[in-house]
Every structure is written in C-alpha cells, then in structure tokens.
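# A closer look at the structure
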Amino acid sequence: MPGLFVTLDGPGGAGKSTLAELVTARLTDAGVPALATREPSRSLIGRLAREHTATFSGPTLACLVAADRHHHLAAEIRPALAEGLIVVCDRYVPSSYVLQTRDGVPLDYIRQLNAPVDRPDLAVLVTAAAPILEQRLTVRGAHSRFEHEGSSAAETTLYEDLGDVLATDGFVFHQVDTGYQSPQDAATALTSHILELSSRASHSRRERPPPPMTTTQRQQVTVDVHVILERDGHILLCLRQGTGYRDGWHCLPSGHLDPGETVIDCAIREAYEEVGVVIAPGDLRPATVVHHLSPEGRPRVGFFFVTDIWGGEVVNAEPTKCAKVEWVPIGILPSNTVPYTLAGVELYRSGAWIGVHGWPEPVAPGKVRTDMGAESSPGAAPRTNVARIR
Ligand SMILES: Nc1ncnc2c1ncn2[C@@H]1O[C@H](COP(=O)(O)OP(=O)(O)OP(=O)(O)O)[C@@H](O)[C@H]1O
Ligand SMILES: Cc1cn([C@H]2C[C@H](O)[C@@H](COP(=O)(O)O)O2)c(=O)[nH]c1=O
C-alpha cells in the first residue's frame with residue numbers, strides 16, 4: 001500500500017484526539033493528503049461499540065470492537081491507503097489490549113481476535129503522568145465507563161507493560177509524552193516524524209523496481225460508485241468537509257464498493273447514506289464508467305449511475321463529512337469540483353460510455369472511437385463509446 005497508516009493509543013486524557021486532529025491538519029496544510037479517523041469507527045458497528053460501553057462489556061465488547069475494526073479497514077482505511085493518503089487513526093489494537101484486559105478478557109483471546117488485522121506503519125503510544133491525566137479528565141469530563149471506573153495510574157501501567165507484546169505482535173511503536181509539552185509542540189514533532197517515515201517509505205518504493213506482471217499477478221483496482229441525481233438540468237453535489245480527502249471540494253454522492261456488494265447495491269446505499277434518498281434498482285441508469293489514475297498512481301474504476309426518480313427528500317445525511325448539498329446546473333459545475341467527479345459528469349454529458357482520466361499517455365492511440373451513437377439519456381448527448389479526459 002502506498003499510503004502510511006499511523007495509529008494513536010494511550011490512556012484516557014493522554015491527548016490522542018487532540019494530536020490526531022492537529023497532525024492531520026498540519027499534513028493537509030503541507031499538501032500531504034491525510035485522513036483522520038478513529039475507533040470505534042463512525043460505522044453502525046462502531047457506533048454500537050462507542051455509544052453502548054455501559055451495556056456491552058467483556059468478550060462482547062471485545063468482539064464488537066474487533067468486528068468494527070475489520071469493517072473499518074475494509075471500508076475506509078485500506079481504500080484511503082490505496083489512494084496514497086496518510087491515515088491517522090485515533091485508537092486501534094493497543095487500546096483493545098488494554099481496555100478489554102481491564103474488562104476481564106484474557107489477553108490471549110484479545111490477541112487472537114486481532115491477529116488477522118493490518119499492522120500500522122507506526123503505532124504511536126501517547127502518554128502523560130497519571131496525575132496529569134486525572135486532572136485533564138476532571139476538566140474535560142469522562143468519555144466512557146472506562147474513564148469513570150478505572151484509575152489513570154492502572155491504565156498507564158497497562159500501556160507501559162505492553163512493549164514486549166506489541167513488538168511480538170508486529171507493531172512498530174513510538175512514544176509521545178504530552179505531559180510537559182503543549183499540543184502544538186507535540187503535533188509539530190509527531191508530524192515531522194511521520195513525514196520522515198513517509199518520505200523513507202516512498203524512496204524505498206521508488207528504488208524497488210515494480211515486479212513484472214505474470215499470469216498469476218493481476219492489476220488490483222479500487223471500485224467507486226457515483227450517483228448523478230438529475231432534475232431540471234441540475235445535479236446534486238456534496239461539499240466535502242472533515243474527511244481528510246479533497247475537503248472543500250464538490251463531489252457526487254459516491255463511495256467505495258464494500259466487499260460482497262454489487263455496484264447497483266452500492267449506488268443505492270451511498271445515495272441513501274449520503275443524501276437520504278431511496279432509489280429502486282430499476283430506476284438507476286448507467287451514465288458512464290471512468291478508469292481513473294489517482295495522482296498517487298493508484299488505478300480506480302468509477303461506475304457512474306444516473307436517475308431522476310427517487311423517494312424521500314434530499315437531505316445532507318452526513319453533516320460531519322459534508323458541509324452542504326447543492327443543486328447545480330449540469331453544464332456549469334463549480335471550479336472546485338473533484339476532477340474525477342468532473343470527468344464522470346463530462347463523459348456522461350458527452351454521451352461517452354467509458355473514458356480514461358488521469359493517465360499520462362493514451363492507452364491505445366488510434367483506438368479511441370467516438371462514432372458509436374447509441375441510446376441517449378435525458379440531458380445527455382447521443383452516446384459515444386470511448387473518450388479520454390485530461
Ligand atoms: N499536550 C497537552 N497539554 C495539555 N492539555 C492537553 C494536551 N493534549 C490534550 N490536552 C487536553 O487534555 C484533554 C484530553 O485530551 P484528548 O481528548 O485529546 O485526549 P484523548 O487521549 O483523546 O482522551 P480519551 O481517550 O478520553 O478520548 C483535553 O481537554 C485536551 O484539551
Ligand atoms: C478502540 C477501542 C475502543 N474501546 C471503547 C473505549 C471507549 O468507550 C470508546 C473510545 O472512546 P474515546 O473517546 O476514544 O475514549 O471505545 C474499546 O473498548 N476497545 C477498543 O479497542
């Protein structure tokens with residue numbers, strides 16, 4: 001994976017969330033695409049785990065957070081890494097080793113549950129002396145029963161004792177003591193460390209020649225699905241925010257294909273999750289397909305669907321990821337529209353069934369055909385079959 005996966009763990013009040021937010025902002029300001037995320041994640045399973053620690057405990061909570069972790073990796077972390085992003089995750093496996101142990105689950109059981117999950121490139125252990133943590137928690141307030149029930153000293157000791165286990169389990173870790181440095185200073189030091197690691201990783205990737213493709217090696221691509229809701233010459237765009245990827249840019253309701261999902265199911269799910277509309281499978285029409293190469297060199301295939309029939313009201317259903325949803329004229333998209341999105345909409349408008357975007361050279365010079373008129377769609381020109389978008 002070309003990105004870098006960084007996790008932050010440590011006792012309650014150590015400053016994990018503060019650091020995650022500051023480091024991601026600094027990376028983004030430095031022009032390095034980064035994604036801030038956390039565990040339990042924002043998914044349905046994650047919300048169950050986060051919001052119900054009073055109800056779920058012991059092995060139940062251990063399994064719930066492990067299930068959330070598997071889904072989080074598949075749905076959010078691996079796709080972002082594949083795009084070349086630095087993923088900064090607030091809590092990961094070391095939190096399970098400590099919190100589930102405190103909940104009476106045997107450490108070996110927790111290690112087995114987490115044995116199959118990805119190892120981060122860097123596991124940051126954020127610490128501070130126990131009296132400092134207690135003081136911070138008193139001022140900020142406790143987030144969960146773990147912080148009501150336990151003492152910071154006991155939790156800190158469990159993290160301190162974790163070194164050998166983490167090393168055995170394949171974690172490369174780095175300690176940050178926030179006890180005597182401001183959040184800004186801690187973030188500056190950690191951001192430099194991450195940037196250095198990232199540059200080392202990309203150097204070693206560059207120095208390693210790409211392995212030759214053999215018949216057993218196939219190109220891996222990320223599949224995205226985009227939904228064009230079209231009405232009266234306008235389409236619906238979402239203004240991204242707080243995602244760490246292209247924030248401040250407009251995109252279509254869209255997302256990655258989940259494991260086991262068809263592109264049709266994915267379009268229906270994303271439209272519902274992001275803008276609250278219910279689309280019947282038969283009302284989705286294929287708009288175009290974009291074979292995209294991301295600036296980091298990762299290939300993606302985007303299936304664009306279009307519809308003008310849906311149930312429910314359009315709403316901004318994910319306000320933490322989207323500042324607003326907006327109807328815009330299909331022919332005059334905002335200048336801050338994500339280029340990949342723009343390519344899909346332009347292909348659809350031009351009537352091309354399929355196009356390539358972001359690739360440096362024509363894939364098959366002389367083979368580009370634009371002469372195969374086919375059925376047309378509302379708002380779109382007669383269909384052509386292939387186009388190239390720069
Ligand atoms: N370096 C620091 N110096 C002083 N105060 C800090 C520092 N880092 C964070 N804080 C403060 O300590 C409190 C806890 O920080 P934060 O919520 O980031 O911790 P956390 O490790 O994510 O906690 P939890 O595990 O409970 O979610 C906050 O009020 C935050 O402003
Ligand atoms: C990752 C992880 C989390 N939990 C629990 C502990 C807390 O109740 C929440 C995290 O909230 P915070 O604001 O980050 O403190 O989730 C857990 O039990 N095990 C885990 O691995």
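For the structure itself, look to the data block above.
Now for a quick tour of the structure.

Reading the values: the criteria
- Residues numbered from 1 in each chain as written.
- Chains lettered and ligands numbered in written order.
- Predicted model: local features only at pLDDT ≥ 70, side-chain atom pairs only at ≥ 80, totals over all residues.
- Heavy atoms only, no water.
- Near = heavy atom within 4 Å.
- Polar contact = N/O pair within 3.5 Å; in protein donor to acceptor, adjacent residues only side chain to side chain.
- Areas by Shrake-Rupley, 256 points an atom, 1.4 Å probe, with all protein chains shown as cover.
- Helix = DSSP H or I, 4+ residues; strand = E, 2+ residues; numbered from the N terminus.
- Axes fitted to C-alpha atoms, helices over the stretch in contact; angles between N-to-C directions.
- Parallel < 35°, antiparallel > 145°, perpendicular 65-115°, else oblique.
- Left-handed = near helix turned anticlockwise from the far one by under 90°.
- Contact = heavy atoms within 4.5 Å.
- Nonpolar A, V, L, I, M, F, W, Y, C, P; charged D, E, K, R; others polar.

## Things to note about the site of ligand 2
Taken together, 16 residues form the shell around ligand 2, and within it Arg91, Ser96, Gln100, His143 and Ser144 come nearest. At 3.1 Å, a side-chain N or O of arginine 69 approaches an oxygen atom of ligand 2. In the model, an oxygen atom of ligand 2 is placed 2.8 Å from a nitrogen or oxygen of the glutamine 100 side chain. Here ligand 2 loses 95% of its free accessible area of 480 Å² to cover by the protein chains. Of all the secondary structure elements, the ones that give two or more residues to the shell around ligand 2 are helix H3 (58-82), helix H4 (93-102) and helix H7 (145-149). No other element matches the four residues that H4 contributes to the shell around ligand 2.

## With respect to the packing of H4 against helix H5 (residues 107-114)
Where H4 meets H5, the closest approach of the two axes is 9 Å, and the angle between their N-to-C directions is 150°. The orientation of H4 relative to H5 falls into the category roughly antiparallel. When the axes of H4 and H5 are compared, the crossing they make is right-handed. On H5, the residues that touch Val93, Ser96, Tyr97, Gln100 and Thr101 of H4 are Leu107, Ile110, Arg111 and Asn114. A breakdown of the residues in the contact of H4 with H5 according to their chemical character gives four nonpolar, four polar and one charged.

## With respect to the site of ligand 1
Surveying the vicinity of ligand 1 reveals 17 residues, the closest of which are Lys16, Ser17, Thr18, Arg140 and Glu147. Between ligand 1 and the protein, one listed contact pairs a nitrogen atom with a backbone N or O atom of threonine 178 at 3.4 Å. At 2.8 Å, a backbone N or O of glutamine 181 approaches a nitrogen atom of ligand 1. Burial of ligand 1 by the protein chains amounts to 78% of its free accessible area of 630 Å². Contributions of two or more residues to the shell around ligand 1 are made by helix H1 (16-29) and helix H6 (130-140). Considering each element in turn, the shell around ligand 1 owes the most residues, three residues, to H1. Its residues placed into classes, the shell around ligand 1 shows three nonpolar, nine polar and five charged.

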